[in-house]
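Listed below, chain by chain, are the residues.
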Amino acid sequence: MERQEIEQQAAAFRESFQRVKSEVQKVIVGQEEIIQGVLTCVLAGGHALLEGVPGLGKTLLVRTLAQANDLKFSRIQFTPDLMPADISGTNILVETAGGAKEFRFQPGPVFANIVLADEINRATPKTQSAMLEAMQEHAVTVAGVRHRLEQPFFVLATQNPIEMEGTYPLPEAQLDRFMFKLLVQSPTFEELSAIVDRTTGIGTDPVTPVIDGKTITAMHQLARQVEISSDVREFAIRLVLGTHPDSEAATEPVRKYVRFGSSPRGAQAVVLTSKVRALVQGRVNVAYEDLIAVAKPSLRHRILLNFEGEAEGISTDSLIDSILVRVREETKVKLSV
Amino acid sequence: MTPEITLQYRLNAATRRVKLLVTAQWTARTLFWTMLACAIWMLCSRLAWTSEPKVSALAGLLAAAGLIGMIIGATRKISPMDVARLTDARTDLKERLSTAVELRQQGKISPIAQAQIADAGARIQKLNFRHVFPFRLTREMIGLLILAAILTGIFLLPTIPLFWSKERKQEMEEVKRQGVVLEKIAREQEKRSSDQNLTESRKAAQEMKRLAEAMRKGEVDKREAMIRMQKLTRKMEEQQKRLASANAPEKKSLEQAAQEAKQALEKRQKQIEEAIKATAAQEKANQKKPPEQQASQAQHRQGDQGSPKDQPKPSEAMQRSQQAMKEFAQAMENQDAGAQNEALQKLAEQMQQGQMSQQEMKQLQQQIKDMADALKGTSQDQVSRELQQIASQMEQQKLDPQTRQKLAEAMKKAGQTCQSCQQGSMDAKQLQDLAKALREGKLQLAQGEKMLPVSKLGQSKGQNPQGQPGKGYSPFGHVNNPQPEKRAGKISSKPPDTKIQGQRGKPGNDPTITYRGDPERGVKSGTPYYEVYARQRSASENPVNRENIPAAYRKQVRDYFESIKP
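As the structure is a computational prediction, the values presented were derived from the model and not from experiment.

K.L.:
Teacher, can you tell me more about the overall build of chain B here?
P.N.:
When you go through chain B residue by residue, the secondary structure sums to 19 helices and four strands. Counting all 566 residues of chain B, 41% fall into the buried class. When contacts within chain B are restricted to residue pairs at least 6 apart in sequence, those whose partners lie at least 24 apart make up 70%. Entry remark: accessible area of chain B is about 32000 Å², with carbon and sulfur atoms responsible for 53%.

Structure (structure tokens):
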């Protein structure tokens, strides 16, 4: 592969990203950061958890994204009575053409390219954990038979931070499987005005698929090739280590309010999503600003607050901010003229 | 040009620029700290805690510091990675350069690495490093400028009249006034010395003129003026002593010597005339004697005094020689070394021509000897010795043309010696006058505005207004302090002027002298200043000589006592 070819691929990557984003924005008003975050996550091959109050368009966003990507989409509405088999699928008894009876595997909704796990925290932990294997290994095992999921495979889950009664907060192990946790904010005045106009009129422009699964897989491969210098890599490592209260790199608030810091998956998520962002920004190298941009969505759900932190209502975003300040200072260029 | 070469080339350019700025930074840094030290030093010297540093020493220190800073800055190791990181930080390159440099260092040849390097190369080519790394005033540079202003201020403020105290303004006025007087004297002396071709005194006058000009322009303060005047006086005195020792000590004046010479010449003239008369009388008597006796007497006379024909009247050459001798004596009386020289030159010419008889030469030898005797012990002792030598040679040697030539040359040399002797003594005299003028000027400066004419100093006696010496009155008069309430027991470094009034000689004559100092209130001074000075100087010199006073302060102690010398 020649240099020019890579440059063309990088340009195509940026173009595809913009096209998908444009398609999504035909339906979704505002939420620029969320759209960008979800797309980044998808192109990095990760899963995203969207948290926000009902009615902010989380589900619509995911569905539109699936439409724009020309991918197989399925939606699972998580409820307390949802069973694991409802997600992964089950063996059912069917009669063959010869009249014989046999068990045949009936794939669940997880067998899709994009799976919307709506209100994931409403299902029981048992059901939630059924997603673990699918998310991590891109496969499910039913009745001792392992079924591989079609590639690409993304889980885009939503959860409601309020109405916590009767919900089952995701365990840390499952949270860690999500590359990004995105916080969906309420629309601004202008955005709301546009939403009203768009949803109360005759109709909106139909969303057309602009990329397919193959393209996404190629983009995923390209993103992994993006170069990262040792300085930038060191920044990412310091950032992740800074979330550990017993680390030397930890800031004072982290020491005080954090029980557990990010796992290595956090560092992987930061670097991988930074690479995607770099390509989207027209670069083939990762910059500090990429790491800073993805730091919060990558790490906020991987930092576990202690009792004091919970009691004082400390947000993990503020802790990440403090870590970023420190790491920036530590990695500042020494030479000054 | 490949992207890699472009990247390398541009990075080198950036490195050079950064190195230049780092060198400037280090230079400013070292200069800042050195200048701070210099400013502290200057401040300490202004507060009289340390001796005042020489400007050349300060300049040398700063130059050395600047050089050291430049060397440190220029030898600092700045890697391409450092420059790349800095450039990334300063521009919107988003770590493109540092990544590219790292990829190059690692030798990565993957397509994406190449694309990255190409991207970095294309970006860096558009950069103008003068804008990326502009010359900025760092904290040290700003501090340096402030310190430079402070240092200049420390240098200049005390010399700006606006910041002078009333006393100092008065002092400077005195210095300027004295400068005008001394400059006038120096100019006159310089002109006179040039006219008379007196080298040493001309030089001294020029030096004095320079000092006087500096004083007139207010470039030196009173203390410095006094010290410089003292040094110049001493130099002149030493020069004058050197010139004087080159000439013989003057036991009698030239006027006296001229009188003696004239008398000797007249005496010799009379002897010659008497001899001529006696010869004429003898010839008359001989005419009455028999011819044999006449012949024998004539023969005898020829062997003794020359031919009878020559004897009655001296030759023209002898007459000219006599005239030259008279002129020499007259020139001696007039102290005109040029005329003396001319007279001796004429005499030398007559001696060289050889038109004088043996008898005349003998007479001339005696006259030269008389002249030498007359000059002995005068300022022209050297001339005396040379004439004495000529006379003795004339007596001892046969006067053939060669000898006459030698004698004539010796005579000419004696004439020149005459001139140089007088010039030396005049030079010494002029130097003495200049030194005297300087001493008087220094004394007047030391005494302040209202002062006695120098010639009257030391003639006064401590008297009260009623003309009686008594309680509370020094030999110079009674103490009148204009600000008695401000008096302190301890003499400050810059005490106010204290007026000491007194009556000198007849009432109404110069009643006041202003001295620097602060005599304690209520203390009745009974000792003249010059006695106190002598005693204190002696007391201070002993420790200096015994090396009790640190070497660094010896000169100050000496200068101080020189400056207050009455």
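K.L.:
I tried to follow the pairing of strand 9 (residues 178-183) of chain A on my own but got confused; where do I start?
P.N.:
Each regular strand shows side chains that alternate between the opposite faces of the sheet. Residue and element names in this part refer to chain A. The buried count for strand 9 comes to five of six residues, which makes it a mostly enclosed element. Judged from the five bridges that link them, strand 1 (residues 47-51) and strand 9 form a sheet pairing that is parallel. When the sheet's bridge partners are listed, Leu49 is paired in strand 9 with Lys181.

K.L.:
Please explain the interface of chain A and chain B as it appears in this structure.
P.N.:
The figure often quoted for interface size is the accessible area lost as the parts come together. Between chain A and chain B, the residue contacts involve 24 residues of the former and 28 residues of the latter. Carbon and sulfur atoms supply 61% of the area buried between chain A and chain B, which totals about 2300 Å² over both sides. If you sort the residues of chain A by the area they bury against chain B, A:Glu227, A:Leu335 and A:Val337 come out on top, with a joint share of 32%. Here chain A is connected to chain B by two salt bridges. The salt bridge partner of A:Glu289 is B:Lys94, with a shortest N-O separation of 2.5 Å. Our count for the chain A to chain B interface comes out at seven residue pairs in polar contact (both at pLDDT 80 or more). Broken down by secondary-structure element, the contributors of at least two residues to the side of chain A that touches chain B are helix 1 (3-27), helix 9 (230-241) and helix 12 (288-299) of chain A. Residue classes in the side of chain A that touches chain B are distributed as eleven nonpolar, six polar and seven charged.

K.L.:
I keep staring at the packing of helix 16 (residues 381-396) of chain B against helix 17 (residues 401-447) of chain B and nothing clicks. Help me out?
P.N.:
The packing of two helices is summarised by the inter-axis angle and the distance between the axes. Residues and elements named next belong to chain B. The N-to-C vectors of helix 16 and helix 17 enclose an angle of 170°; their axes lie 9 Å apart at closest approach. Regarding the angle of helix 16 to helix 17, the classification is roughly antiparallel. Touching Gln382, Val383, Glu386, Leu387, Ile390, Gln393 and Met394 of helix 16 are Leu407, Ala410, Met411, Lys413, Ala414, Thr417, Cys418 and Cys421, all from helix 17. When its residues are assigned to classes, the contact of helix 16 with helix 17 shows ten nonpolar, three polar and two charged.

K.L.:
What's the story with the packing of aromatic side chains in this structure? I'm lost.
P.N.:
The geometry of an aromatic ring pair comes down to the distance between the two centres and the angle between the two planes. Taken as a whole and judged by the stated rule, the model has four aromatic pairs over all chains. Centroid distance A:Phe235 to A:Tyr288: 5.1 Å. Interplanar angle 50°. Geometry classified as tilted. Taken as a pair, A:Phe235 in helix 9 and A:Tyr288 in helix 12 lie far apart in primary sequence, 53 residues in all. Here A:Phe235 falls in the buried class, since its relative accessible area comes to 1%. Here the guanidinium or amino end of B:Arg29 rests over the ring plane of B:Trp26, the centre of that ring lying 4.6 Å away.

K.L.:
For this particular structure, what's the right way to read the packing of helix 1 (residues 3-46) of chain B against helix 4 (residues 96-106) of chain B?
P.N.:
Residue and element names in this part refer to chain B. For the pair helix 1 and helix 4, interaxial distance at closest approach is 12 Å and the crossing angle is 115°. Of the possible angle classes, the one that applies to helix 1 and helix 4 is roughly perpendicular. Remark: the crossing between helix 1 and helix 4 carries left-handed chirality. Residues Glu4, Leu7, Gln8 and Leu11 of helix 1 form the contact with helix 4, whose own contacting residues are Leu97, Ala100, Val101 and Arg104. Class assignment for the residues of the contact of helix 1 with helix 4 results in five nonpolar, one polar and two charged.

K.L.:
Even after reading the chapter, I still don't get the sheet that holds strand 1 of chain A, so can you show me in this structure?
P.N.:
Paired through their backbone hydrogen bonds, the strands of a sheet run either parallel or antiparallel. Residue and element names in this part refer to chain A. Taking strand neighbours across the sheet as the criterion, the five strands line up as 2-5-8-1-9 in an open arrangement whose pairing is parallel. The sheet terminates laterally at strand 2 (73-77) and strand 9, the two strands that pair on one side only. Going across the sheet, the axis of each strand differs from the next one's by a mean of 15°, ignoring polarity. Of the strands in this sheet, strand 1, strand 2, strand 5 (114-118) and strand 8 (154-159) are in contact with helix 3 (residues 58-68), which crosses strand 5 at around 170°.

Calculation criteria
Residues numbered from 1 in each chain as written. Chains lettered and ligands numbered in written order. Predicted model: local features only at pLDDT ≥ 70, side-chain atom pairs only at ≥ 80, totals over all residues. Heavy atoms only, no water. Helix = DSSP H or I, 4+ residues; strand = E, 2+ residues; numbered from the N terminus. Buried < 20%, exposed > 50% of the residue type's maximum accessible area, 1.4 Å probe, protein only. Contact = heavy atoms within 4.5 Å. Areas by Shrake-Rupley, 256 points an atom, 1.4 Å probe, with all protein chains shown as cover. Pairing = 2+ DSSP bridges. Buried area = accessible area lost by both parts, 1.4 Å probe. Salt bridge = Lys/Arg side-chain N within 4 Å of Asp/Glu carboxyl O. Polar contact = N/O pair within 3.5 Å; in protein donor to acceptor, adjacent residues only side chain to side chain. Nonpolar A, V, L, I, M, F, W, Y, C, P; charged D, E, K, R; others polar. Axes fitted to C-alpha atoms, helices over the stretch in contact; angles between N-to-C directions. Parallel < 35°, antiparallel > 145°, perpendicular 65-115°, else oblique. Phe/Tyr/Trp six-rings, centres within 6.5 Å; stacked < 30°, edge-to-face > 60°. Lys NZ or Arg CZ within 6 Å of the ring centre and 35° of its normal. Left-handed = near helix turned anticlockwise from the far one by under 90°.

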